[in-house]
Amino acid sequence: MYQDIEYDGIKGSNLKIYARERPSIPAARVRREQIIIPGRDGAVYESDGTFEPTEIEIQFNYIGEEREWGKRWRAAQRWLAKDNAKLRFSDDDGYFLWISNVSLEANERTTARIGNFSAVFTTKDGLYYLNSGLREHTPEEIKWNPYERSNPVFRVIGEGMCTLAVNGRKMTANVGQNLTIDTERMLAYREDGSLQNTAVSGNYENLRLEKGEIKIETTKGFDVKVIPNWRCI
């Protein structure tokens, strides 16, 4: 049964390109370091809580007029050319995977009208991201994280020195009207895109949302919104 795939906000069905079958999705893998202790049997494994990239191979198919075969293949290559984009499956509403790279295999022309090709999608971390995690929330709305540790974006409106704290871990920022603090990319910038890394002090990791109870505090007089970027196994 053919399946519709959405990548970078574009559905394959819009290009008349479909997955030939539902792909196999590898399990998320926690990054672990093996430590050998002299004189002790076996090994000890430690993790910093991060996840390994995974690969998803999808077989694609398209059919059309013979004179449009090459046109359709070029459209497929343009569609899947972007790195760092969202991959969604039509039978899994509400979730997506972040893809860092796509590799295409040769296109097989099985008939004058049909083309088959495969694409390997390399995920950033093998985790599913929730659509709901892309919306802005107030700090009061972020009380509990039932998922994996996430890397939120904070949007701060105000003027002067502001302290943000997540479960007591702090970061300070000199805000001039507005400031965005992106804990994933470890960047601070204004709405116009100008970098403001020197305006913040502290570790971006301090503002990440761990599993469990969350308490977000901020200096009075500042309006703060949180994009939590919820992600799960």
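These numbers were taken from a predicted model, which means no experiment stands behind them.

**Student:** How should the pattern of salt bridges be read in this particular structure?
**Tutor:** One side chain can pair with another of opposite charge once the charged atoms of both are near each other. Under the definition given, this model contains 13 salt bridges. Of the charged contacts, one joins R31 and E52 as a salt bridge, the two residues approaching to 3.7 Å between their closest N and O atoms. Of this pair, R31 sits in strand β4 (residues 30-35) while E52 sits in the loop between β5 (44-51) and β6 (55-63); the two residues are 21 residues apart in sequence, bridging distant segments of the chain. Among the residues examined, E52 registers a relative accessible area of 26% and is labelled partly exposed.

**Student:** Help me understand the nonpolar core, please; the structure alone is not making it clear to me.
**Tutor:** Inside soluble globular proteins, nonpolar side chains tend to come together where they are buried. By size, the foremost hydrophobic cluster in this structure holds 47 residues, and its most contacted members are Y7, F60, L80, F121, F154 and I181. Here L80 is in contact with Y7, F60, V102, L104, F117, A119 and F121, once residues within four sequence places are set aside.

**Student:** Help me out: how do you make sense of helix α1 (residues 69-79) in this one?
**Tutor:** The α-helix winds at 3.6 residues per turn, so residues separated by three or four positions along the chain end up facing the same way. Taken residue by residue, α1 has W69, R72, W73, A75, A76 and W79 as its buried positions. End-on, the buried residues of α1 take up no more than an arc of 160°, which puts them together on one face. Seen from the buried face of α1, the exposed residues on the opposite side, beyond 90 degrees, are K71 and R78.

**Student:** Looking at this structure, I do not really get the environment of A106. What am I missing?
**Tutor:** Considering the arrangement of structural elements, one finds A106 in the loop between β8 (95-104) and β9 (108-109). Sequence spacing of A106 and N116 is 10 residues, and the spatial spacing of their C-alpha atoms is 8.6 Å. In this view, A106 contacts N116 and F117; residues no more than four positions away in its chain are not counted.

**Student:** Can you walk me through the pairing of β8 in this structure?
**Tutor:** On any regular strand, side chains alternate: one points to one face of the sheet, the next to the other face. For strand β7 (residues 85-89) and β8, the ladder comprises 3 bridges, and the chain directions are antiparallel. Residue pairing for β8: L87 is matched across the bridge by L97. In this antiparallel pair of consecutive strands, β7 and β8, the connection spans 5 residues, and G94 shows a positive phi of 95°. With 2 bridges joining them, β8 and strand β11 (residues 128-130) adopt antiparallel strand pairing. Bridge pairing links F96 to Y129 in β11. Here β8 runs beside strand β10 (residues 114-123); their pairing, made up of 5 bridges, is antiparallel. Bridge assignment links L104 to a residue of β10, and that residue is A119.

**Student:** Would you mind showing me how to read the packing of aromatic side chains here?
**Tutor:** Ring pairs (aromatic) are described by centroid distance and by the angle formed between their planes. According to the stated counting rule, one finds 11 aromatic pairs in the structure shown. Summarising the aromatic geometry, the rings of Y62 and W69 are spaced 6.1 Å apart at their centres and angled 50° between planes, so their arrangement reads as tilted. Take Y62 and W69: they sit in the same class, and that class is buried. With 6.5 Å between their ring centres and 50° between their planes, Y62 and F117 make a pair best called tilted.

About the criteria used
Residues numbered from 1 in each chain as written. Predicted model: local features only at pLDDT ≥ 70, side-chain atom pairs only at ≥ 80, totals over all residues. Heavy atoms only, no water. Salt bridge = Lys/Arg side-chain N within 4 Å of Asp/Glu carboxyl O. Helix = DSSP H or I, 4+ residues; strand = E, 2+ residues; numbered from the N terminus. Buried < 20%, exposed > 50% of the residue type's maximum accessible area, 1.4 Å probe, protein only. Core = buried A, V, L, I, M, F, W, Y, C linked by side-chain atoms within 4.5 Å. Contact = heavy atoms within 4.5 Å. Arc of directions from axis to C-beta. Pairing = 2+ DSSP bridges. Phe/Tyr/Trp six-rings, centres within 6.5 Å; stacked < 30°, edge-to-face > 60°.

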